[in-house]
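Topology and contacts: notes
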Amino acid sequence: MQTQRTALVIGANGGIGQQTCQALLKHGWRVRALVRTAPDARGPVEWHTGDAMNRADVLAAAAGVDVIVHAVNPPGYKGWDRLVLPMLDNTIAAARAQGARIVLPGTIYNYGPDAFPLLKEDSPQHPLTRKGEIRVDMERRLEAASRSGARVLILRCGDFFGPRAGNNWFAQGLMQPGKPVTRLTYPGDYAVSHSWAYLPDVAQTLARLLDREDELDAFERFHFGGHWLDGHAMLAAVRRAAGNDRIKAARFPWWLARLASPFHETMRELCKMRYLWREPVQLDDARLAAFLGGHLYSPLDDAVHATLVANGAIRQDASINTPSHVDA
């Protein structure tokens, strides 16, 4: 009889962390979580209070685990230079000590325009920003760790959206959190396509990949295609999900973000990532689809509807319909 596998999720209070906990539980895992503040309602997750910057906390929480999901990031783009790599080094140390696999949700920040528009697992990584350089360094460290006692799985995604995914473009940029959606404030040209990753789909994909641990190499990268659509299509999906064809098409005020950037770290880092909205950026998921097969992604309208409900942008009983017009 197979022993129940154990996963530690670092950053389980975040959007991807929460969804991954749920997906792993459904796939029969024992799930442990390392967070700074544990929720009052504990449920089936084994909560450990600690700090990802404290190696002793990470080592203690990781005792006996098979997988460590590294889903922790500094909030609001703040402190990346100081925090990101030390947190990852602690995860690597714990994985080496346990012989565990590290799971990292990857990003497209690693790439510059020389790799656009279609990003493959072996596309060159020449980032334009310091944040992108840090993400490249993270993956280099993980690849080195896979040769010295740890194993690694990177699932690279576009911009997240979904229930409880707060720190992302969809929830905080395209609309106002917790308020009825009346306009879509799009950060790019409405005609330029962009990659979106629905968090429950990402978590389910991670769980399916980990179910096939014996078939994975020591260092694995997969690209999660998700929903690749332009601003017109996203606006149309939001209108259908809200049952409101009067939701307006607006543009993100980059000029205001630039004015605030000298005094506001989050705005400063946001402006540096604008290039990702100026050109089409698509993740090639051919390798992932060939490996897993079957259905990978939820229908767009269902995903957008669930996200809007969870974010307080529409009521639970709002019906999905086809608007009379969808032009932006």
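This section reports on the structure supplied with the text.

Procedures and definitions
- Along each chain, residue indices are assigned from 1 in the same order as the chain's sequence is written.
- The predicted origin of the model limits local features to residues at a pLDDT of at least 70 and limits the giving and counting of side-chain atom pairs to 80 or more, whereas totals for whole chains, interfaces and linings rest on all residues.
- Only hydrogens and water are set aside when side-chain values are computed; all heavy atoms of the structure are taken into account.
- Paired strands, in this sense, are two strands between which DSSP finds at least two bridges.
- Numbering of helices and strands runs from the N terminus; a helix is a DSSP stretch of H or I covering at least four residues, while a strand is a stretch of E covering at least two.
- Here, axes are lines fitted to C-alpha atoms. For helices the fit covers the stretch in contact, and angles between N-to-C directions go from 0 to 180 degrees.
- Joining through side-chain atoms within 4.5 Å is the link that ties buried Ala, Val, Leu, Ile, Met, Phe, Trp, Tyr and Cys residues into a set, and such a set is a nonpolar core.
- The buried label applies to any residue whose accessible area, calculated with a 1.4 Å probe on protein chains only, is under 20% of its type's maximum; exposed applies above 50%, and partly exposed to all values in between.
- Definition used for salt bridges: Asp or Glu carboxyl oxygen within 4 Å of a side-chain nitrogen of Lys or Arg.
- Only centres within 6.5 Å qualify two rings of Phe, Tyr or Trp (six-membered ring in Trp) as a pair; their planes then separate them into stacked at under 30 degrees, edge-to-face at over 60, and tilted for everything else.
- Two limits define a charge over a ring: the Lys NZ or Arg CZ must be within 6 Å of the ring centre, and within 35 degrees of the ring normal.
- Contacts are assigned to residue pairs that have any heavy atoms within 4.5 Å of one another.
- Cavity and pocket criteria rest on a 1 Å grid covering protein atoms alone: a 1.4 Å probe that fits but cannot get out defines a cavity, protein on both sides within 12 Å along at least 5 of 7 lines defines an open pocket, and an atom within 4 Å of a point defines a lining residue.
- Grid points are joined across faces, edges and corners, and a volume is the space filled by probe spheres set on the points.
- Polar here means any residue outside two lists: the nonpolar Ala, Val, Leu, Ile, Met, Phe, Trp, Tyr, Cys and Pro, and the charged Asp, Glu, Lys and Arg; Gly therefore counts as polar.
- What sets the label is the angle itself: under 35 degrees gives roughly parallel, over 145 gives roughly antiparallel, 65 to 115 gives roughly perpendicular, and the rest give oblique.
- Handedness of a crossing is defined here by the sense of rotation of the near helix relative to the far one, left-handed for an anticlockwise turn of less than a right angle and right-handed for a clockwise turn.

Once that is clear, we can look at the sheet that holds strand β10 (residues 193–198). The strand order β8-β10-β12 describes an open sheet built from three strands, whose pairing is mixed. The open sheet has two edge strands, β8 (159–161) and β12 (227–230), and neither has a second partner. Neighbour-to-neighbour, the strand axes of the sheet open up by a mean angle of 45°, direction not taken into account. Two elements, β10 and β12, share four bridges in a ladder whose sense is antiparallel.

With omega at 5°, the peptide bond leading from Phe116 into Pro117 counts as cis. With respect to the helices and strands, Pro117 occurs in the loop between β5 (101–106) and β6 (118–119).

Counting residues in hydrophobic clusters, the biggest one holds 37 residues, and the most contacted among them are Leu24, Leu155, Val202, Leu209, Phe222, Phe224 and Leu288. Of all the elements in the fold, those that place two or more residues in this core are β1 (6–10), α1 (15–26), β2 (30–35), β4 (67–70), β7 (151–156), α6 (199–210) and α10 (286–292). Top element by residues in this core is α6. It accounts for seven residues. If you look at the next biggest cluster of nonpolar residues, it comprises 32 residues, including Leu235, Ile247, Trp254 and Leu270.

Right, let's get into the pattern of salt bridges. The tally for this structure, following the rule as stated, stands at 16 salt bridges. We note a salt bridge from Arg130 to Asp81, for which the minimum N-O separation is 3.0 Å. Pair noted here: Arg130 is in helix α4 (residues 130–145) and Asp81 is in helix α3 (residues 80–98), with a separation of 49 residues, a long-range link. Of the residues examined, Asp81 reaches a relative accessible area of 53% and is grouped as exposed.

Tallying each qualifying case throughout the model produces 10 aromatic pairs. Judged by centre distance (4.9 Å) and plane angle (80°), the ring pair of Phe224 and Tyr297 falls under edge-to-face. Of this pair, Phe224 sits in the loop between β11 (219–223) and β12 while Tyr297 is found in the loop between α10 and α11 (300–310), placing the two residues 73 residues apart along the sequence. Here a set of aromatic residues connected by ring pairs shows up, and it is made of Phe161, Phe170, Tyr186, Tyr190, Trp196, Tyr198 and Trp277. Its guanidinium or amino end placed over the ring of Phe291, Arg212 lies 4.1 Å from that ring's centre, counting from NZ or CZ. A cation sits over an aromatic face here: Arg287 above Phe222, 4.3 Å from the ring centre.

Ordered by their spatial adjacency, seven strands build an open sheet running β3-β2-β1-β4-β5-β7-β11, and the pairing between neighbours is parallel. In this open sheet, the two edge strands, each paired with only one partner strand, are β3 (46–49) and β11. For this sheet, the mean angle separating the axes of adjacent strands, direction not counted, is 20°. α1 rests against β1, β2, β4 and β5 of the sheet, and its axis sits at about 170° to β1. Seen against the sheet, α4 touches β4, β5, β7 and β11 and runs at an angle of roughly 160° to β5.

A word on empty space enclosed by the protein. Under the criterion given, the structure shown has one cavity of 30 Å³ or more. Lining the largest cavity we find Tyr186, Gly188, Asp189, Val192, Ser193, His194, Leu276, Trp277 and Glu279. Among the residues making up the lining of the largest cavity, the classes are represented as four nonpolar, three polar and two charged.

All right, on to the packing of α1 against α6 then. At a minimum axis distance of 8 Å, the contact between α1 and α6 shows a crossing angle of 50°. Taken as axis vectors, α1 and α6 run oblique relative to one another. The element α1 and its partner α6 pack so that their crossing is right-handed. On the side of α1, the interface is formed by Gly15, Ile16, Gln19, Thr20, Ala23 and Leu24, while α6 contributes Leu199, Pro200, Val202, Ala203, Gln204, Leu206, Ala207 and Leu210. In the contact of α1 with α6, the residues fall into 10 nonpolar, four polar and no charged.

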